[in-house]
Amino acid sequence: MTCDELYQQLDPFFDNELGLAEAQKVQQHLEQCAACEEAYASRLAVRQALQKPEVRFATPDDLRDQIQVELSKKVSPPRRRAWRVPAFEFPNWLLPSLAGAAAVLAVWFGSKLFLNETRSPNGLLATVTAQLVSDHMRSLLPDHLIDVVSTDQHTVKPWFAGKLSFSPPVYDLSDQGFKLIGGRLDYLGNQEIAAIVFQHHQHYINLFAWPKTESTHFPDTTLQKEGFNVYGWEANGLIMWAVTDAAPDALKTFVDLQKQKQQQGGTE
Amino acid sequence: MNEEEKLTRFETEMLPLMSDAFNLARWLMQNEQDARDMVQEAYLRAFRFFSGVRGETGRAWLLRIVRNVCYDHLKKRKVHSSDEELENIPDDSSPENQLQVKSEVEAVRSALASLPEDFRTVLVLREMEELSYREISEITQVPIGTVMSRLARGRQQLAEVLKQMREKDLV
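Reading the values: the criteria
- Residues numbered from 1 in each chain as written.
- Chains lettered and ligands numbered in written order.
- Predicted model: local features only at pLDDT ≥ 70, side-chain atom pairs only at ≥ 80, totals over all residues.
- Helix = DSSP H or I, 4+ residues; strand = E, 2+ residues; numbered from the N terminus.
- Buried ≥ 20, exposed ≤ 12 C-beta atoms within 10 Å, placed from the backbone.
- Contact = placed C-beta atoms within 7 Å.
- Pairing = 2+ DSSP bridges.
- Axes fitted to C-alpha atoms, helices over the stretch in contact; angles between N-to-C directions.
- Core = buried A, V, L, I, M, F, W, Y, C linked by C-beta atoms within 7 Å.
- pLDDT = per-residue confidence, 0-100.
- Parallel < 35°, antiparallel > 145°, perpendicular 65-115°, else oblique.
- Left-handed = near helix turned anticlockwise from the far one by under 90°.
- Nonpolar A, V, L, I, M, F, W, Y, C, P; charged D, E, K, R; others polar.
- Arc of directions from axis to C-beta.

Considering the overall build of chain B
Line of reasoning, step 1. Looking only at helices and strands, one finds 10 helices and zero strands in chain B.
Line of reasoning, step 2. Written out in order from the N terminus, the α and β elements of chain B read α-α-α-α-α-α-α-α-α-α.
Line of reasoning, step 3. Taken across its 171 residues, chain B has 39% of its residues classed as buried.
Line of reasoning, step 4. Considering only contacts within chain B whose residues lie at least 6 apart along the sequence, 66% involve residues at least 24 apart.

Here is the structure:
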């Protein structure tokens, strides 16, 4: 990739609008080219400047009431204002109609920045996170969660064996509150990856796994995106990413249990 | 859906988006009073056409209306205003403002305010509202490729203006 070609893709890369393959090429170029890396850094600086909450203009306190009064005049007969919509504001688009708990989390985390945004360049990490979060959200649509329904790790693991070139670790953690409920094939870019599905109370956890290649390296990463909590790590030549609407401490417990099992090896 | 139900649904879905609507209008109009008027007009217009949009589309839909209302007024302002009147419009990027030493936030605000409308709009939508290229393309009614190039040039210009401010010790 030449610098000119990179320049065409720098903004879409920065904005997570590239496919995984293209994003990887851009990432590789950035790692080798100081001038382009500088252009990337300048975009990051602009973003950080503009995303300071004080740069936004706050809505005047009385505007909402004023607009509600004007709106009610458009309805005949004009209604008497008996109630007031609470001044509770977070972006609606964060909320596909998931569990109510996701809503609470979205509010809780709404004001926090994407944690790793300051690590440069992290376009690839952001791309992976965005794709896996969207995989997770899609999996919550009716009939999308599970291809093989089983609470038995000895059923789920062989099911993957017939479909993937690698063998993802499948452990039932029911005793610890994380019930194995099945598995599914999913995609990261064009690559087929394993999604192992757990249930924790009323929350689902998608544990994604795919083989590590030499060109990628993911240190342990924890972040939240669009109200979902994400934890990524490497184990035994695989990259594992867990995505869930469960609380961060529950996710951490889950990940620690997975790591423990993986270190012990075997399927028990 | 009767009018009363329509209003209730509209308010439930659209009022929570008011801070996004106001921020966009404020950045486009460059002063608070006009921004208030535009947001109100946009909400009334949106209510007329409302038939129950939801989630992601609802936000982009409302912001498109806000942007259109603002642009209509900016066009009229350009046609009808004499130069004198234009000078009287309070503007964050007026020269007196620029000569004072600014806080970091004021500097960023006046740098963004100094950019051409098209660039300012995509930067507000992308960096502050965190919308996707597709949504920005719907709101600004230009192709995604144009969104991309406006973002690239807007970011460069903004970085350049901020750099100049720092060099002149205005920050």
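Digging into the overall build of chain A
Line of reasoning, step 1. A tally of regular secondary structure across chain A gives eight helices and seven strands.
Line of reasoning, step 2. Relative to its full complement of 268 residues, chain A shows a buried share of 36%.
Line of reasoning, step 3. Sequence-distant contacts, at least 24 apart, represent 59% of the contacts inside chain A between residues at least 6 apart.

A look at the environment of Val105 of chain B
Line of reasoning, step 1. If you trace the backbone, Val105 of chain B turns up in helix H7 (residues 104-113).
Line of reasoning, step 2. The residues contacting Val105 of chain B, other than those within four sequence positions of it, are Lys52, Glu54 and Val55 of chain A.

A closer look at the interface of chain B and chain A
Line of reasoning, step 1. On the side of chain A, 38 residues touch chain B, which itself brings 39 residues to the contact.
Line of reasoning, step 2. Of all elements in the fold, only helix H1 (3-14), helix H2 (18-29), helix H3 (32-49), helix H4 (55-80), H7, helix H8 (117-128) and helix H10 (144-167) of chain B reach the threshold of two or more residues within the side of chain B that touches chain A.
Line of reasoning, step 3. The biggest single contributor to the side of chain B that touches chain A is H10 of chain B, with seven residues.

Some thoughts on the pairing of strand E3 (residues 191-200) of chain A
All names here are of chain A.
Line of reasoning, step 1. Buried residues dominate E3, accounting for seven of its 10 residues.
Line of reasoning, step 2. Note: strand E2 (residues 179-188) against E3, nine bridges, orientation antiparallel. Residue pairing across strands places Gly183 opposite Ile196, the latter belonging to E3.
Line of reasoning, step 3. Pairing geometry for E3 and strand E4 (residues 203-211), over seven bridges, is antiparallel. When the sheet's bridge partners are listed, Gln199 is paired in E4 with Tyr204.
Line of reasoning, step 4. The hairpin formed by E3 and E4 contains two residues between the paired strands, and His201 there has a positive phi angle of roughly 50 degrees.

Some details on the sheet that holds E4 of chain A
Residues and elements named next belong to chain A.
Line of reasoning, step 1. Across the sheet, which stays open at both edges, the seven strands sit in the order E1-E2-E3-E4-E7-E6-E5 with antiparallel pairing between neighbours. Two strands in the sheet have a free side with no partner beyond their single neighbour: strand E1 (148-149) and strand E5 (221-225).
Line of reasoning, step 2. Note that E1 and E2 share two bridges and pair antiparallel. The residue bridging Val148 from the neighbouring strand is Gly183, located in E2.
Line of reasoning, step 3. Lying over the sheet, helix H8 (residues 248-264) contacts E3, E4, strand E6 (228-235) and strand E7 (238-244), oriented at roughly 15 degrees with respect to E6.

Quick look at the nonpolar core
Line of reasoning, step 1. Membership of the largest hydrophobic core comes to 51 residues, with the highest contact counts inside it found for Ala21, Ala25, Met38, Val39, Ala42, Leu62 and Val66 of chain B.
Line of reasoning, step 2. At eight residues, the largest contribution of residues to this core is made by H4 of chain B.
Line of reasoning, step 3. The residues touching Met38 of chain B, leaving out its near neighbours within four places in the chain, are Ala25, Met29, Val66, Val69, Cys70 and His73 of chain B.
Line of reasoning, step 4. Ranked by size, the runner-up nonpolar core spans 36 residues in total, among them Tyr204, Phe208, Val243 and Ala246 of chain A.

Structural notes on the confidence of the model for chain A
All names here are of chain A.
Line of reasoning, step 1. Taken as a whole, chain A shows an average pLDDT of 78; of its residues, 78% reach a score of 70 or greater.
Line of reasoning, step 2. No element of chain A has a lower mean pLDDT than helix H5 (residues 100-110), at 36, and none a higher one than helix H3 (residues 34-50), at 94.
Line of reasoning, step 3. Low confidence marks residues 79-121, where pLDDT is under 50. Its contacts with residues over four positions away, or in another chain, come to 59 contacts.

Brief notes about the packing of H7 of chain B against H10 of chain B
All names here are of chain B.
Line of reasoning, step 1. In the contact formed by H7 and H10, the axes pass within 9 Å of each other and the chain directions differ by 130 degrees. With respect to their mutual orientation, H7 and H10 come out oblique. Here H7 runs over H10; the crossing is right-handed. Note on element contacts: H10 touches H7 through Leu158, Val161, Leu162 and Met165, opposite Ala107, Ala111 and Leu112.
Line of reasoning, step 2. When the residues that make up the contact of H7 with H10 are grouped by side-chain class, the tally is seven nonpolar, no polar and no charged.

Focus: the confidence of the model for chain B
All names here are of chain B.
Line of reasoning, step 1. Averaged over all residues, the pLDDT of chain B equals 85, while 82% of them reach at least 70.
Line of reasoning, step 2. The low-confidence segment residues 82-90 (pLDDT under 50) makes three contacts with residues lying over four places distant or belonging to another chain.
Line of reasoning, step 3. For this predicted complex, the interface confidence reaches an ipTM of 0.84, while the overall pTM sits at 0.55.

Comments concerning the environment of Cys33 of chain A
Line of reasoning, step 1. Mapped onto the elements of the fold, Cys33 of chain A is located in the loop between helix H2 (20-32) and H3.
Line of reasoning, step 2. Taking the C-alpha atoms as reference, Cys33 of chain A lies 9.9 Å from Thr2 of chain A; in sequence the two are 31 residues apart.

Regarding unusual backbone geometry
Residue and element names in this part refer to chain A.
Line of reasoning, step 1. With a phi close to 65 degrees, Asn16 is a non-glycine residue in the positive phi region.
Line of reasoning, step 2. Mapped onto the elements of the fold, Asn16 is located in the loop between helix H1 (3-14) and H2.
Line of reasoning, step 3. The backbone of Asn236 shows a phi angle near 50 degrees, a positive value even though the residue is not glycine.
Line of reasoning, step 4. On the secondary structure map, Asn236 appears in the loop between E6 and E7.

Concerning helix H4 (residues 63-73) of chain A
Line of reasoning, step 1. Three or more residues of H4 of chain A are buried, namely Arg64, Ile67 and Leu71 of chain A. The arc that holds every buried residue of H4 of chain A, seen down its axis, measures 65 degrees, which confines them to one face. Exposed residues on H4 of chain A whose side chains face more than 90 degrees from its buried face are Asp65, Val69 and Lys73 of chain A.
Line of reasoning, step 2. Buried residues along H4 of chain A sit against H1, H2 and H3 of chain B.

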